[in-house]
Every structure is written in C-alpha cells, then in structure tokens.
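# Structure at a glance
Spelled out, the chains give:
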Protein chains: 2
Amino acid sequence: MTTTTDFLDDAAASLGPRGLTRDADLIQPWLTDWRGRFTGSACAMASPASTEELSRLVRLCASHGVPIVPQGGNSGMSGGATPDDSGKALLLSLRRMNTIHEIDVEARRVTCGAGVVLQTLHEAVEDKGLRFPLTLGGKGSATVGGLISTNAGGSQVLRHGSMRALVLGLEAVLADGQVFSMLTPLKKDNRGFDLKQLLIGSEGTMGIVTAATLKLVPAVADRVVIWAGLPSLGAARTLLLHCEDMAGDALEGFEVMPQACLDAVLRHLPDARAPLAGRHAWHVLIEVVADRTSAATLRERCEAMMAEAFDKDLLEDATMSASEAQAEAFWLLRESVAPAERERGPAVQHDISVPVEKMPAFVEATGPMIEAEWPGTEAVAFGHLGDGNVHYHVIAPHVADGLAWQKTDGKAISRRMHDLVTEWGGSISAEHGIGQLKRDELARLGDPVALSMLRAVKHALDPQGLLNPGKLI
Amino acid sequence: MTTTTDFLDDAAASLGPRGLTRDADLIQPWLTDWRGRFTGSACAMASPASTEELSRLVRLCASHGVPIVPQGGNSGMSGGATPDDSGKALLLSLRRMNTIHEIDVEARRVTCGAGVVLQTLHEAVEDKGLRFPLTLGGKGSATVGGLISTNAGGSQVLRHGSMRALVLGLEAVLADGQVFSMLTPLKKDNRGFDLKQLLIGSEGTMGIVTAATLKLVPAVADRVVIWAGLPSLGAARTLLLHCEDMAGDALEGFEVMPQACLDAVLRHLPDARAPLAGRHAWHVLIEVVADRTSAATLRERCEAMMAEAFDKDLLEDATMSASEAQAEAFWLLRESVAPAERERGPAVQHDISVPVEKMPAFVEATGPMIEAEWPGTEAVAFGHLGDGNVHYHVIAPHVADGLAWQKTDGKAISRRMHDLVTEWGGSISAEHGIGQLKRDELARLGDPVALSMLRAVKHALDPQGLLNPGKLI
C-alpha cells in the first residue's frame, strides 16, 4: 500500500532510527497481551522520545489515516494495548518518555513522563521521604501513562482512591496532534469542566497521555496488619464499618477471602502458616498505617480498635502482626490467592463491583446460583471489600479440555455473571478496564444514555476514529 | 411568534399550573443576578417537580428550538443563571426538585434533588451525626444543582476539595431530553472515563443536573481556631506547610488577610476586637477540627503544633480560641472582609488562583505593579492561601463617579490582572465560574487547545446550542 509506505517513510524521517522500527523481531513481543489472550499485528512500532515528536507523528497519522494503538508496559488485563490483526495500525510505545521531571517535596507531587514504570516512580519518591499511594501486581512493568489511561486501582484505593484521585495535572496529544497541556496543577480552577477527566480511564481512545503531575503522600513510618476470622461476609462488612469509624484515614487495606481460598494458598505456599489456629468461613486482612506524626500511637490504637471489635462480637478470632516480617507474610497470603487459584485448574475470572454495602448480599446470592446452574463449578470471591470490588472466579468442574470449557460454559457463565452484576447496579469492570475483552459486553449491558454520551464525545474528539480503534466502544 | 406560543401551550399542558408561569411579577425577581450586574428576560419560567417532567420539557424545547437557562438559588457570582435580553429563553427553576431522598448513615452519603438548599442539607445530615463538608456565604439560597454545575468551593476546600470531590453519583437531563442516571455510587468503575465529570463545573451547558449523591463525613466534635500574625505572605506559606505536616487531615482552614483588611473589618464591626495586641503585615486564621475519635487530643496537638512553630520562628504572635464563641468570633472577622472592603468604596474584584506555592510571590509582585500603573488604587489580597486561591480586590482612588471608574479604569485593571494571572499559569476563575461575566476573557486568554476541546464536547452533547447559551463558551 503506497499510503502506508509514504507514511512510514515520513515517520522514519521524522522520528529517526531509534524512534521507528519495522523489525518483526523487535515488534513481536509487544503484539500479544500479557495474559496471552489477544495477538495482533502492526505496520511498525514507533517510540517517540518527546511530546513534540509524538505530536508530529500523530499529525502524520491523521493525514494518512493510520490508526494508533498506544502502549505502556503491556501489562493490561483486557487487551487494551494490543492492535487488531489487520496490520494497519501503528503500535505506539510510550516507554522512551520515561523521565521524572520534578519531585516537589514541599508541594508533595511529582511530574513525570508517561513511560515511567510504577516501581521506578515508587523508588524515586521514597528517596525523598514520600510515597506514591498506588500499587499493584504489575508494578515492575506498568507505566504512568497506562495507569492513567486505565484509571488503575490496586490495594490502596480504600484510602487513596484510584488513579483518577491522584492525577493533579496532565499532558496529552489529541487525535489531530494538538497538545493538551495542563501539567501545572491548580487546586482551584473553574474554567469549565475538568477536561483532564476525559483522558483518565478512556483507554487511549480520546487522546494519548504523555506526562502527568501526580499527588504524593508522606512515607509510611509504621504499619500494623491484622488477620481476622469471621463467620460471614456480612460480618466482614460490619467489621469494616467499625474499623473505618475507629481508624479513619489510617485504614489503608481491607481484603477478604473465604476459607477455601486460604486453603488453596497454603497448598500453593508450602512454607506459609495459617495466621489463625481455627477455620473460619471468611478471612480478613486489615492494614492500618501511620506516618511519622502518628506512628507513636499506632499499635495502641489498633489494639483498642480490635478490643472493641471483640467486645462487640464482630469477629471470631484475630491476630496482629508483631513485626514487619509478619506483616509481609500476611500480605503474601493475600497476594498468592490469584496464583493459588490458577493451580486449581481452569476457571473464568470476573473483575466486578457493586455498591459497597451490597457486596455481601451479592456474593451470598449469586455464588450458589452459578454453582446450581453449572453443576460441579465452584464460585470463589475475594478481594477489596472496602471498595465493593471483588474478584469473582468460577472454577470448572473436572473436565477433559479446560480451554474448550472456557470457550463454552465459561463464556456462558461470564455472560450470566455480567447480567447479575448489571441487575445489582454494579460494573462489569471494576478496575481492569474494558479493552477488547469486554467491549461487546459493555455494548450489550451498558446504559444506553451513557454509551451514547461516550460515543458522542469520542466522535467529537477523534472524528476519524484513529485512536486505539476497537477498544472500549 | 407562533412557535413560542405553541411551545408554551404544550409546556403548560405538560407541566400543569404550578409547573409553568408567564406572570411577569413572579418571574421578574429571577431575571437579575444576585450581584445586580446582569438582567435578562424570558418567555416563561418553568418549575418542573420531577426528572420525568423536566425530561419531557427538554424534549419539547429541543423540538421547538427553545433555549433553556437553568437556575438554582440565583446566588451565583458570574451571571451564569441569568438569561440574555432576547426574551427567547425559558427560565428553568430547579427549586421544586428539593427532596432529600435518602441519608445513608453507614455509607456516609446523601441522595437529594438538585433544588435542595445547602443550609437545608447541612441541617438534615447534622441530625444524623454527619456533615456535608462544603459551605459558603450563599448557603441559605445556593442549591445542590447550582453548586455542582459551578463546582463550588468555599472555606473547607483545603481538606475536603471542591464540589467535584464530593459528588459520588449524578442524575441529569441531557440536551435531547434523555436522562443520564448514575446516582448509585460505585467506588470502582472502569467502564470508560467518568462521564459525570462532564456535568460538574460546566455551568448547565452540557446537561441539567437533577439529583446527586453526595459524600458525607463524620460531624465535627470539636475545633480549635488559631489566629496568627506574620511578617509576610511567604511566612504564611511556610507556616501552612508546617501545619499540614503536623495536623495532616485535621487542618480544615488556612485563610490569610493583610493588616489593612483587618483594620477595615474592625471599622466595619464596631463590637469586634483584634485577636492580637500588635500589628502584623499578614494575619492568618487556622482551623483544626476533630471528630469524636480524635477530639480528646485536639487541643494538645494544636498546642504542640504552635509551640514548634514558635520555636522555628514561623510567626510573630498567635492566639488560640478558648471556646466555641471565640472560634466563631475569629471566623466572623474573616467573613466580614468582603462587606468591610465594600464599605471602603468602589473597587474591582478578582477571583483568581495560581499554583499554591507561587501565591506569595504573585501577590508581592503584582500588587505594587497595579498600584503603580493606576496611581491611587490599593490592591488587597485575602482568602484561601491553602488552595492558591486569593480574592484580589483593587480599590479605586478617590473618584467622583465610582460606576464610571469601574467601567473604564476598573475594566482595564481586570484585564491586566487576568493577563498577569495567565502569565503566572493561573486561572481567571478559581471558584466563581465563568458565566457571562468572564466569558469573553476566557475566550481571550484560555488555552486554545482546551477551548477547542470544550467547544467540541459542547457541540457533541448539545448540537442545537440550547443549554444555557452565552455562558462559559
């Protein structure tokens, strides 16, 4: 195709040898998503080094009608950074734009490029006695741009919110190559609605995030991790309210798992010990943190909180981490749930949310329903109760071909689960995003008014439909 | 005009006698803005009682091409709720939609209609031991819908953010009459970008807010108000950082005023006493609050904070409220600055923000500049230092005709001030909004890329341009 050849010649001239490659060996690792569910192809991979280079490139794409698939660490869960298989799209890596421009210790914020890896960011601000309060499993590869485009969550959302709450300023290249530049944060600014919100969570379909100014918080000076055993998920919700009331903003984590999950984890980690002596229907991990101004009274406050919880009969048993090593050991149990579940055999996973207060009733109502409709399956819910966000896995019965099961029964179960979530006023994507994985389910179940707003704004900002086509909408 | 007559007949039939009036006496009070700067006219005033009624009405407007000017308490500062003088627009009062639907004490949130008055909301949630943490001078008339449409601020933004941070769920009628319904809050939801952000701060130009679910916080159990005297605004900024560090989230207010402002207030309030014995270049009001879980140690923590501030030489003098009556007396001084300034004679006012850390340098650089360029004027800055938002008044020299001065020199001063704010990376509207007052200044000084995004989204959501025409953009 002449147009493509012309485009690639122009792009190569504009970006230089490090900025554009057509070498299949170099591109290939980035054409399959992290979970291996989607593979696409691309006419080339561009790696601009600056916003100006990217702006020129996007203008070129716009004039040649070349679709763009932006990509950060390629560790998304929904195929949002994988091109389709037409080979027409340009794969756009933001990974070279990885400069940390400024850490303002007084104002507690950092300005950095979209390609900065989360773990690098953590380490850079820790050196200044500060913390970027968002973390997740993929922190070694996930980039700031990807985290913003997908409004990433993680295990500290309870206190600090998801990425949206942490983005103070933003820079992005729009579909016509213009640069939207709002990196300098104003705490108060009422010149119309907050335009940067269009770019947070829109998965690269409205613009390409190139840099951001992010909120930082004081470093954690000390923490206590509590492990508690409870008779039900409803009891866990009551305990959560008690902890919110007593610990306030110091409460950073409130994670739940059923006994079956813990059993799987203990099989998966032969050296690990169960935190409690007995068995309990549900287990809860509670994290309470303190900065240097509140560290002195942390343990005492946690003890008072738990003593009152015992007095009020809010739990069956509990233990408190006596050291940082024990705190880490408790977290390792929580973080091993997903790999331990994978060892149990083929399953379908759901990343869903319902209103926080409905979560216990939702899990109690829907688990038995799924297990009855698909005999032999096991429905397992675990995760962020404090956010109304539970990872809901349904494990296959003993089947000969797990892959075939996933494509038939598994698919039907997911549809059913998404129907149920929608009936309960929830979201089919709590934190992993829509990407290509759930695009059709969103079209099927999304509120028609919300979808028509999304499409109208998309068409207004990207009339040619060149930004990450086939994702989200 | 037949179309208008047809429209009014249809609207009257649809809304019933309480829902539509053409009585000039009833409409007239709502055609002039609160500050008396803008007066318009309207073909009628509609007061629908429900979202369904409003949806039908907006469909009717869309089919007849009738512009709509939504209005809450009519206490905005920028003429955003006043129609133009063509008489073509329908004035839309949301004041009948004033039901508080639910206060969920456990989940700490309230769902209510757009017409609920702020003070009514405060009282309703106080009855449940909770607090809606946003307050401002117009609380007796400002409505929830107006506060959301203008992303209102006030004196608790430092800790709790402006309206945007408090809106958990939203319902609105769009330009074609469809109802956007996202009242049930999901703490985590990644189905595209957060659509409700389009409606917060867009001044009724993208949709008409009909109801909201708002965040509540625990009631204040105790508070301490500190009054401090300082040598400079830079010193106030250093003291602010110290207080943020020591008090953390308990710091709710940090307001500044120069000695001249305090002098004017003391003339204005003959019964009031100066909090400190001596004179200081700048005065600071600091509010620290506690809920019931932290009230016991509040005073002690404030004393430690101030003792360390004295040790570090961060201030010249300070006093701490010994009672709630004294706390109120300190706040009365702050709240009387605007009326006291008005007594000093004709002036032009500016509601501006710059990045928080630049505020002292901005005030120190620009005040003398304005006073030199317009001899005899006095530039006075006071307000929310912690938010980088200062109300910047420029008082006229002794002139015979204050109104004429405001229209000539005053206008030139405002242009100059807005130029300076823009040069410093700030906003010409920190909290009062654009409305019709600053629309042309926004067009002149706004970032062209941001303005083109605003216009593109506006055109996509309201292609006929019927929602609050002539405001914002």
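Residues numbered from 1 in each chain as written. Chains lettered and ligands numbered in written order. Predicted model: local features only at pLDDT ≥ 70, side-chain atom pairs only at ≥ 80, totals over all residues. Heavy atoms only, no water.

Filter applied, for reference: UniProt positions are given in the numbering used here, feature names are shortened, and annotations may be inferred rather than shown by experiment.
Within an unreviewed UniProt entry, the label attached to chain A reads FAD-binding oxidoreductase, and the organism entered is Novosphingobium mangrovi. UniProt, in its Sequence similarities (unreviewed entry) section for chain A, records the words "Belongs to the FAD-binding oxidoreductase/transferase type 4 family."

## Here we look at the overall build of chain A
What counts, and what does not: Runs of H or I in DSSP of at least four residues are treated as helices and runs of E of at least two as strands, each being numbered from the N terminus. When accessible area is computed with a 1.4 Å probe and restricted to protein chains, residues below 20% of their type maximum are described as buried, those above 50% as exposed, and intermediate ones as partly exposed. Contacts are assigned to residue pairs that have any heavy atoms within 4.5 Å of one another. Method for areas: the Shrake-Rupley scheme with a 1.4 Å probe, in which residue coverage is limited to the protein chains shown. In this count, Lys and Arg are taken as positive residues and Asp and Glu as negative ones, while His and the chain termini are left out. Think of each charge as sitting on NZ of Lys, CZ of Arg, CG of Asp or CD of Glu.
From N to C terminus, chain A includes 16 helices and 18 strands. Referenced to the eigenvectors of the C-alpha coordinate spread, the extents of chain A come out at roughly 75 × 60 × 45 Å. The buried share of chain A, taken over its 473 residues, is 57%. Excluding contacts between residues fewer than 6 apart, the proportion of contacts in chain A whose partners are at least 24 apart in sequence is 73%. Of the accessible surface of chain A, which amounts to about 18100 Å², a share of 51% is contributed by carbon and sulfur atoms. Taking the average place of the 44 positive charges on the side chains of chain A and the average place of its 59 negative ones, the gap between the two points comes to 4 Å.

## With respect to the sheet that holds strand β6 (residues 109-113) of chain A
Residues and elements named next belong to chain A. So the rule is basically this: Paired strands, in this sense, are two strands between which DSSP finds at least two bridges. Only C-alpha atoms enter the line fits that serve as axes; for helices the fit covers just the stretch in contact. Angles between N-to-C directions range over 0 to 180 degrees.
Taken in spatial order, the five strands make up an open sheet running β5-β6-β10-β8-β9, and their pairing is antiparallel. Unpaired on one side and paired on the other, β5 (100-104) and β9 (179-182) mark the two borders of the sheet. Averaged over all adjacent pairs, the angle separating strand axes in this sheet is 10°, with direction ignored. Relative to β9, strand β8 (residues 167-173) is paired through four bridges, and the arrangement is antiparallel. Across the sheet, residue Ala172 finds its bridge partner in β9, namely Phe180.

## Some details on the UniProt feature "domain: FAD-binding PCMH-type" (unreviewed entry) in chain A
On the UniProt side, "domain: FAD-binding PCMH-type" (unreviewed entry) is annotated at positions that read residues 38-219 of chain A here. With 20% helix and 24% strand, the stretch residues 38-219 of chain A has end C-alpha atoms that lie 39 Å from each other.

## Some details on helix α4 (residues 118-126) of chain B
Residues of α4(B) that are buried: B:Leu118, B:Leu121, B:His122, B:Ala124 and B:Val125. Buried residues along α4(B) sit in contact with β5 (100-104), β6 (109-113), β7 (130-131), α5 (144-149) and β10 (208-215) of chain B.

## Focus: the interface of chain A and chain B
For an interface, size is often stated in terms of accessible area lost upon the parts coming together. Stated precisely, the cut-off is as follows: Defined in terms of a 1.4 Å probe, buried area is the accessible area two parts forfeit on being brought together, summed over both. Throughout this description, the term salt bridge denotes a Lys or Arg side-chain nitrogen within 4 Å of a carboxyl oxygen of Asp or Glu.
Taken together, the 71 residues of chain A in the interface contact 71 residues of chain B. Carbon and sulfur atoms supply 58% of the area buried between chain A and chain B, which totals about 5900 Å² over both sides. Three residues stand out in chain A for area buried against chain B, namely A:Lys188, A:Asn190 and A:Phe193, and they jointly supply 16% of the buried area on that side. Inspection of the chain A/chain B interface yields 14 salt bridges.

## Thoughts on unusual backbone geometry
Residue and element names in this part refer to chain A. Although it is not a glycine, Asn74 sits at a positive phi angle of roughly 55°. Mapping Asn74 onto the fold places it in the loop between β3 (68-71) and β4 (90-93). Residue classification places Asn74 among the buried residues on the basis of a relative accessible area of 11%.

## Comments concerning the relation of the copies chain A and chain B
Which entries qualify depends on this criterion: A least-squares fit on C-alpha atoms brings the copies together, and the residues used are those whose pLDDT is at least 70 in both copies.
Each copy superposes on the other: chain A lies on chain B with an RMSD of 0.0 Å after a rotation of 180° and an axial shift of 0.0 Å. In symmetry terms, the pair is related by a two-fold rotation axis. Mapped onto chain B, 100% of the interface residues of chain A again fall at the interface, so both copies present the same surface.

## Remarks on the nonpolar core
Basically, it comes down to this: Nine residue types can take part in a nonpolar core, namely buried Ala, Val, Leu, Ile, Met, Phe, Trp, Tyr and Cys, and a core is a set of them joined through side-chain atoms within 4.5 Å.
One finds A:Leu214 and B:Leu214 to be the most contacted residues of the largest nonpolar core, which totals 90 residues. Not counting the four nearest positions on each side in its chain, B:Leu214 is found in contact with B:Arg108, B:Arg109, B:Val110, B:Cys112, B:Leu121, B:Phe132, B:Val144, B:Ile148, B:Met163, B:Leu166, B:Val167 and B:Leu168.

## Considering the domain arrangement of chain A
The condition that has to hold: Source of the domain bounds: an automatic or database domain assignment.
Domain boundaries in chain A define domain 1 (2-93), domain 2 (100-218), domain 3 (222-338) and domain 4 (345-432). Put simply, the middle of domain 1 of chain A and the middle of domain 4 of chain A, counted by C-alpha atoms, are 35 Å apart.

## Some points on the packing of helix α8 (residues 233-247) of chain A against helix α13 (residues 359-373) of chain A
Residue and element names in this part refer to chain A. What counts here: Here roughly perpendicular refers to angles of 65 to 115 degrees, roughly parallel to angles under 35, roughly antiparallel to angles over 145, and oblique to all remaining angles. Three classes are used, and their members are as follows: Ala, Val, Leu, Ile, Met, Phe, Trp, Tyr, Cys and Pro are nonpolar, Asp, Glu, Lys and Arg are charged, and the others, Gly among them, are polar.
α13 packs onto α8 with a crossing angle of 170° between their chain directions and a minimal axis gap of 8 Å. Taken together, the axes of α8 and α13 are roughly antiparallel relative to one another. On α13, the residues touching Leu233, Gly234 and Arg237 of α8 are Met359, Pro360, Val363 and Glu364. Counted by class, the contact of α8 with α13 contains four nonpolar, one polar and two charged residues.

## Quick word on the packing of helix α16 (residues 448-461) of chain A against helix α16 (residues 448-461) of chain B
Using the following cut-off: A crossing counts as left-handed when the near helix is turned anticlockwise from the far one by less than a right angle, and as right-handed when that turn is clockwise.
Across the interface, α16(A) lies against α16(B) with an axial gap of 9 Å and an inter-helix angle of 135°. In this view, α16(A) runs oblique relative to α16(B), as classed from their interaxial angle. In the crossing of α16(A) with α16(B), the sense of the turn from one axis to the other is right-handed. Here A:Met453, A:Ala456, A:Val457, A:Ala460 and A:Leu461 of α16(A) lie close against α16(B), whose contacting residues are B:Met453, B:Ala456, B:Val457, B:Ala460 and B:Leu461.

## Examining the packing of aromatic side chains
Residue and element names in this part refer to chain A. Keep this limit in mind: Only Phe, Tyr and Trp rings are paired, with Trp represented by its six-membered ring, and only when their centres lie within 6.5 Å; those with planes under 30 degrees apart are stacked, over 60 edge-to-face, the remainder tilted.
One pass over the full model with this rule turns up six aromatic pairs over all chains. Considering the side-chain rings of Phe362 and Tyr392, the 6.1 Å spacing of their centres and the 85° angle between planes classify their relative orientation as edge-to-face. Of this pair, Phe362 sits in helix α13 while Tyr392 is found in strand β18 (residues 389-395), placing the two residues 30 residues apart along the sequence. Summarising the burial analysis for this pair, Phe362 and Tyr392 share the class buried. When the centroid spacing of 5.4 Å and the interplanar angle of 80° are considered together, the rings of Phe362 and Trp424 count as edge-to-face. Within this pair, whereas Phe362 is found in helix α13, its partner Trp424 is found in the loop between α14 (402-423) and α15 (439-445), the two being separated by 62 residues in sequence. For Trp424, a relative accessible area of 24% gives the class partly exposed. Taken together through their ring pairs, the aromatic side chains of Phe362, Tyr392 and Trp424 make up a single cluster.

## Side note on the pairing of β8(A)
Residues and elements named next belong to chain A. Burial runs high along β8: six of the seven residues are buried. Pairing of β8 with strand β10 (residues 208-215) involves six bridges; the strand directions are antiparallel. Its bridge partner lying in β10, Glu171 is registered against Ala211.

## Examining the side chain of A:Gln259
The test is simple: Definition of a polar contact: a pair of N or O atoms within 3.5 Å, with one able to donate and the other able to accept a hydrogen when the atoms are protein atoms, and with sequence-neighbouring residues admitted only if both atoms are side-chain atoms.
Assignment of secondary structure puts A:Gln259 in helix α9 (residues 259-268). A polar contact is formed between the side chain of A:Gln259 and the backbone nitrogen of A:His280, at a distance of 2.9 Å.

## A word on the pattern of salt bridges
Here the structure, examined in full by the defined rule, presents 46 salt bridges over all chains. Here A:Asp263 and A:Arg279 are joined by a salt bridge, their closest N and O atoms 2.8 Å apart. Of this pair, A:Asp263 sits in helix α9 while A:Arg279 is found in the loop between α9 and β14 (282-290), placing the two residues 16 residues apart along the sequence. Close ionic contact of B:Glu255 with B:Arg334 constitutes a salt bridge, the shortest N to O distance being 2.6 Å. Linking B:Glu255 in strand β13 (residues 251-258) with B:Arg334 in helix α11 (residues 324-335), this pair joins segments that are 79 residues apart in sequence. Exposure remark for B:Glu255: the relative accessible area of 3% places this residue in the buried category. Here B:Arg334 falls in the buried class, since its relative accessible area comes to 9%. Through salt bridges with shared partners, one network takes in A:Lys187, A:Lys188, B:Asp387 and B:Glu431.

## Quick notes on the sheet that holds strand β1 (residues 20-21) of chain B
Residues and elements named next belong to chain B. Here four strands make up an open sheet; going across it, the order is β1-β2-β4-β3 and the pairing mixed. Of all the strands in the sheet, the pair left with one neighbour each is β1 and β3 (68-71). Judged from the four bridges that link them, β3 and strand β4 (residues 90-93) form a sheet pairing that is parallel. In the strand pairing of β4, Val69 is matched with Leu91. Strands in contact with helix α3 (residues 51-64) are β2 (44-46), β3 and β4; relative to β4, the strand with the most contacts, it is inclined by about 165°.

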